[in-house]
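# Tertiary structure, described
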Amino acid sequence: MHENFDFSVTDRILADHKCAQQLIIAILQDIQEHYRYLPREVFPYLAEKLDMSEARIYSVATFYENFSLEPKGKYVIKICDGTACHVRHSLPILERFRQELGLSENKHTTDDLNFTVETVSCLGACGLAPVIMVNDDVYSAMTPEKASELIKKLKEELANA
Amino acid sequence: MANKEFITVDGIPVPIEGEANLLEVIRKAGIKLPTFCYHSELSVYGACRMCMVENEWGGLDAACSTPPRAGMKIKTNTERLRRYRRNILELIIANHCNDCTTCKNNLRCKLQDLAMRYNIDGVRFPNTSGNARPKDESSDSISMDPSKCILCGDCVRVCHEVQNVGAIDFAFRGSKMSISTAFGKPLAESPCVGCGQCVAICPTGALVVKNHITPVWKAVDNPELKTTVQIAPAVRVAVGKELGVRDGENVMGKIVAALRLMGFDEVYDTSLSADLTVMEESAEFLERLEKGENLPLITSCCPGWIKYCENKHPELLSNVSSCKSPMQMFAALLKDRAKKNGEKMFHVAIMPCTAKKSEATREEFATDGCPDVDAVITTNGLIRMIKESGIMFDDLEPEAVDMPFGTISGAGVIFGVTGGVTEAVLRRVAATKTRAALLSVANKGQRGMEGIKEFDLEYGEKTLRIAVVSGLANAEKVIKRVKSGEHFDFIEVMACPGGCINGAGQPYIMHEERCERVKGLYEADRLLSVRCSDDNPVISELYENVIGDRAHELLHVHYKKK
Amino acid sequence: MLKSRSELSALREEYAKAYAAQSRRLIVCAGTGCVAGGSMKIYDRLKELLRERGLSVAVELEVDPHGDVIDLKKSGCHGFCEIGPLLRVDPEGWLYTKVQLSDCEEIIEKTIIGGEHIDRLAYKCGCNTYKKHDDIPFYKNQTHIVLDQCGTINADSIREYIAVGGYSALEKALFEMSPEAITDEIKKSNLRGRGGGGFPAGRKWEQVRRQNVEQKYVVCNGDEGDPGAFMDGSIMGGDPHRMIEGMIIAGIATGASVGYIYVRAEYPLAVERLRTAITQAEELGILGDNILGTEFSFKLNISRGAGAFVCGEGSALTASIEGKRGFPRVKPPRTTEHGLFDKPTVLNNVETFANVPLIISKGADWYLGIGTEGSPGTKAFALTGNIVNTGLIEVPMGTTLREIIFDIGGGMRDGAEFKAVQIGGPSGACLTAEHLDLPLDFDTLKKVGAMIGSGGLVVMDDKTCMVEVARFFMNFTQNESCGKCVPCREGTKRMLEILERIVAGEGRDGDIELLEELADTIVNTALCGLGKSAPNPIISTIKNFREEYEAHIYEKRCPAGACQKLKKIYIDPELCKGCSKCARQCPVDAISGKIKEPFEIDLSKCIRCGSCLDACPFKAIKEA
């Protein structure tokens, strides 16, 4: 297995969920919360500890949209493309974010792992459409221009950190 | 039951006799509904939607997952149903690589068959099979072509439910869904044991057995190479239908004749080395019993099981018999002889098994860097070679295998069915070998198609606990019990349900036909004059003149923890 | 830990007294929308300012407050997210809208200390100013039963919930009624599942209750995946105890001792509030072993979804709780027989459970008096789209679309013309002007080929292209198809393919018929309810707007002028002043030019998003 990977976090999470197969989704959620994605190393480890096949864990992880097998950026920008946001022009906002960060439909995360841009089907804030979410903060009534300003602000935050 | 309950299928009353679903009842009416994902031996998946039938209110039910209720009136062939089935087929075909003529599963493909049955004469959608992942040729046993996969999930269920291997599963979802190993790793790097049950069940050419026919022809055509071939016990009763004989009929003599006609120099029967296995394994078993160590002894003939054990239970490897499989024993003897005689020899094994292809490439079974078995051909491969040769199989006169390995025992022949190895060992260790004694051995509990068979055997002053298992999920159940402290003395494990007669290298059959093959092997056993391995004169001859004190080198192997 | 009924009654009396004694309450909306608008910062600022002024602040219901206390509370969603962040001022019942951080000081000075109303923060519509929450037309035309307490009580406080009568239905069910009687009451009320199909909840309960099986489950479906719907999220986050109470009662009625709430991943707020609520209930002995000293035990778990719309389907949801892929399974057997972990399971959605305490407390007859004969009670809808007032609403079943859109929703935005309303989300259908006076209830909608579904109402005006709407929904379902059955996996993919080419101006003769044929196949052969309903938006748009499809296919024209690829956008050089505003707004840098000279659009780069049209102050950018 991967000797250089520290499994203590995974062990703790497994213990929290009593190593129960049925809680695999919750276990993966906690692992993702910690690493911001699902590191490949944890799959064979989980397979052994939970007595499941690695293919099955992979199968579960790839079924659900929220799991990411690739490292995500420090800022995860989710652009809502629910019905309400869509009819109020969420697409140009998405385009602007991608353009500002050099991302595309197939490339969601910047190489420096600072930003991830993705779409979600609804954030449940339809009254404020179009909305986006950066990590846990919701930004409402977005426009492409506001998107550019936001990126500028976030980049400054990164520089000052 | 005095008052049988009936359902009406296309106007014909059909009795309900404990069937779990409509599909099985409808089959009794002589109607074969189209299905891709229904298999009586797997869980109901209900996803291909081909078996929809119309109820009396005009609603549609999937027959595979609807329980039969008395009084139901079912129509199986209406204009609507035909239209939906055609549309579903068209949707599948639009996402399927349609290179039928060059497909290894050509003419054996269920999709092809149903497309013909439903008269699909055009597809209105652009073909998207090109988006699939590339072919995976990494395994020695199986090749996987996602562009031909119709996502019926049969392979996933057989791999998990029947074999507990779980090498493959669904990945992603919706139109991006595929069948994949974890992270799409090559099959060879997955826990796949090469049993090939997924191939056997795959309705299309998405999973096929690796084909090694070309190097075999090359060797046969090379005058400088001596070509030898061994034929495994289960093969003789399975070439059946495709060559115009009844499935289950023992056509060993015809196979030998065919192979000679093709140009093989020497043709042998693996049953002979199975006798050797019996001798060695019995001795090993008695020794362990005496010392009381490494019990239970677990059989080692099945390469699928060996790989499974290495992957999941490496700590049990010391319990596994150190005997090589019969195939490898025979190959070792032949290659040893060739070396002595300074011959260049190409050795082919004809096996019911796909995992044997991987076994042959293991480093443990190479001499001076060359594999003892140069090529493994499956039963299906043999059928193809016979067809390719243009041989009229049905007309062949049976021939005998070559000397000096020509005499076999019935004990070796029954290796091809679950319980056979156990019975052969029991015959070997039985105190008397009268007909009555052999009959009594036959009824101990090792025979039959159940996945797990357990029985006690009085042996001297001891009572031995014996288990006979086929199907790796069943093996797992027994192994779990062993690990939790339950005592067994001897466990026979075969990866394929029912043993080698149901190997994935054989033409695919359902349960009833399997029983025919089993009958065929037991019949072959009964008709042989030698029934016990230790009575086989060739065996004592071999021990005396060939093996001598080199049993360990030629006949044994030690699988190491990886 | 409460050990008996009387202990709970005593506690309620105490809390009710304290609740009534509150002299000044400030309720900050902590629904998703207002939080996004900064309501939590406002909450903190108000607290800080109150403390600076030396005023004592209570954030939880205090039984014995020392002296005058200002109660500062966080509530669930008020529904009118559009005008948030919202602040309700009690006892007057004033509602302050669009409150900013900078308004806090003034609110403290004028309203808290001075007792004055701040006019500029009040809701205004036309020339009217509405001081009070209840007078605002948006609210006035609604009937709040389930949402009654969302927005008025502290969503984090079991004390307030108990104070206003919470858990008294549980008391009644536990001490005065037999499981049969509870089930009968629910059956009599004809409460129908609010999650989509409208299956009578009482019948489900009955089926589960009758089975003599040791382990049974109660599962709450909070996987509101429908884009454009957020009712369930608002109930879970705004009045979590009400739904929990409903689930416990279902447990009593059916003999289930374990419950699961499956919450959509995108509702972190709801998960947090539910967790708090469960802990509080456990601490009081309302959840857990031997509830209120009785033999009845009930444990409640939260399962967080991980992003799959299909998990709103019952069997996919239970599969997901079991840690599997969210594949629906073939039925029969039904969830009531083989549900979660293969055990009999009551599966209802959030809103359905939230109705239960009311029915038990007030009786089935009371409930039957609301709504229509076949569909009693109310229904919460998420009203969105091109109308003036968007938000979360609750109306009696049988209310017409006209009442919802024009009385509550305030009519179309910017004076546009009503064209259609998509009801029931991606599984629903489009209703048109001819359906405006249709009473919304389960059966009437079914008759016109629509369904209430999850309750999303997206109102569209004449600038909305119905083919594009169909494509949007098909894109959604196609993305969310689990992939298990052929018709849904392959069929939706092909339908999307066809719709995409139609909106791109590449439609072909026969496409409409092919869409219809595929839709028919999917509706009749797909495995689960989601698959079977996936073509609904297409079926209804073809039925009602066939001529729009035809215009796209045969004339390569989008009658609504919405389809981007069929649009040609150009800058009128006569009108352009060269201000560069459009170029700055363009997300793909397709507009260039010299300042003070007419700009130009590079059509090869232009994605026809329309941003520039809105940006131009001189109306120089035009569509052809």
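Because the structure is predicted, anything quoted here is derived from the model rather than measured.

### Describing the overall build of chain B
A tally of regular secondary structure across chain B gives 19 helices and 19 strands. Referenced to the eigenvectors of the C-alpha coordinate spread, the extents of chain B come out at roughly 75 × 60 × 50 Å. Counting only contacts in chain B whose residues sit at least 6 apart along the sequence, the fraction spanning at least 24 positions is 72%. Here chain B contributes 70 positively and 74 negatively charged side chains, and the mean placements of these two sets differ by 6 Å.

### A short note on the sheet that holds strand 9 (residues 258-263) of chain C
Two pairing modes exist for strands in a sheet, parallel and antiparallel, and in both the strands are linked by backbone hydrogen bonds. Residues and elements named next belong to chain C. Across the sheet, which stays open at both edges, the 4 strands sit in the order 10-9-8-11 with parallel pairing between neighbours. Two strands close off the open sheet at either side, each with one partner strand: strand 10 (299-304) and strand 11 (345-349). Ignoring which end each strand starts from, the neighbouring axes of this sheet average 20° apart. Taken together, the 5 bridges between strand 8 (residues 217-222) and strand 11 define a ladder with parallel strand orientation. Considered in strand 11, the bridge of asparagine 221 is made with asparagine 349.

### Brief notes about the confidence of the model for chain C
Confidence along chain C averages 92 in pLDDT terms, with 100% of residues attaining 70 or more. The spread of mean pLDDT over the elements of chain C runs between helix 24 (residues 611-615) of chain C, the lowest at 83, and helix 20 (residues 511-525) of chain C, the highest at 98.

### Some details on the domain arrangement of chain B
Residues and elements named next belong to chain B. Domain parsing of chain B yields domain 1 (5-77), domain 2 (88-209) and domain 3 (214-555). Computed over C-alpha atoms, the centres of domain 2 and domain 3 are 30 Å apart. Of the residues lining the interface, 19 residues belong to domain 2; the matching set on domain 3 comes to 25 residues. Summed over both sides, the interface between domain 2 and domain 3 buries roughly 1800 Å², with carbon and sulfur atoms accounting for 49% of that surface. It is Arg108, Asn164 and Val193 that lose the most area in domain 2 upon contact with domain 3, and together they represent 29% of the buried surface on that side. Residue glutamate 242 pairs with arginine 108 through a salt bridge whose shortest N-O separation is 3.7 Å. Linking domain 2 with domain 3 are 15 residue pairs in polar contact (both at pLDDT 80 or more), by the criterion used here. Residue assignment for the side of domain 2 that touches domain 3 shows that the elements contributing at least two residues are helix 4 (154-162) and helix 5 (197-201). Tallying contributions element by element places helix 5 first for the side of domain 2 that touches domain 3, with 3 residues.

### Remarks on the interface of chain C and chain B
Chain C puts 32 residues into the contact, and the matching count from chain B is 33 residues. Note on chain C versus chain B: buried area summed over both sides is about 2800 Å², and carbon and sulfur give 55% of it. Connecting chain C to chain B are 3 salt bridges. Glutamate 480 of chain C is the partner of arginine 173 of chain B in a salt bridge, and the nearest nitrogen-oxygen pair spans 2.9 Å. In this assembly, chain C and chain B are joined by 25 residue pairs in polar contact (both at pLDDT 80 or more).

### Description of the packing of aromatic side chains
Scanning all chains against the criterion turns up 32 aromatic pairs over all chains. Look at tyrosine 64 of chain A and phenylalanine 67 of chain A: their rings are 6.4 Å apart centre to centre, the planes differ by 85°, and that puts the pair in the edge-to-face class. No difference in accessibility class separates tyrosine 64 of chain A from phenylalanine 67 of chain A, as the two residues are buried. Relative to tyrosine 367 of chain C, the ring of tryptophan 366 of chain C lies with its centre 6.1 Å away and its plane at 50°, an arrangement referred to as tilted. The class for tryptophan 366 of chain C is partly exposed, based on a relative accessible area of 27%.

### Observations concerning the environment of isoleucine 24 of chain A
Take isoleucine 24 of chain A: it is sitting in helix 2 (residues 24-35). Placed 70 residues apart in sequence, isoleucine 24 of chain A and leucine 94 of chain A show a C-alpha to C-alpha distance of 32 Å. Isoleucine 24 of chain A has contacts with Leu46, Leu50, Met52 and Ile57 of chain A together with Gly323 of chain C, leaving out every residue within four places of it along the chain.

Quick notes on the rules
Residues numbered from 1 in each chain as written. Chains lettered and ligands numbered in written order. Predicted model: local features only at pLDDT ≥ 70, side-chain atom pairs only at ≥ 80, totals over all residues. Heavy atoms only, no water. Helix = DSSP H or I, 4+ residues; strand = E, 2+ residues; numbered from the N terminus. Contact = heavy atoms within 4.5 Å. Lys, Arg positive; Asp, Glu negative; His and termini not counted. Charge placed at Lys NZ, Arg CZ, Asp CG, Glu CD. Pairing = 2+ DSSP bridges. Axes fitted to C-alpha atoms, helices over the stretch in contact; angles between N-to-C directions. pLDDT = per-residue confidence, 0-100. Domains from an automatic or database assignment. Buried area = accessible area lost by both parts, 1.4 Å probe. Salt bridge = Lys/Arg side-chain N within 4 Å of Asp/Glu carboxyl O. Polar contact = N/O pair within 3.5 Å; in protein donor to acceptor, adjacent residues only side chain to side chain. Phe/Tyr/Trp six-rings, centres within 6.5 Å; stacked < 30°, edge-to-face > 60°. Buried < 20%, exposed > 50% of the residue type's maximum accessible area, 1.4 Å probe, protein only.

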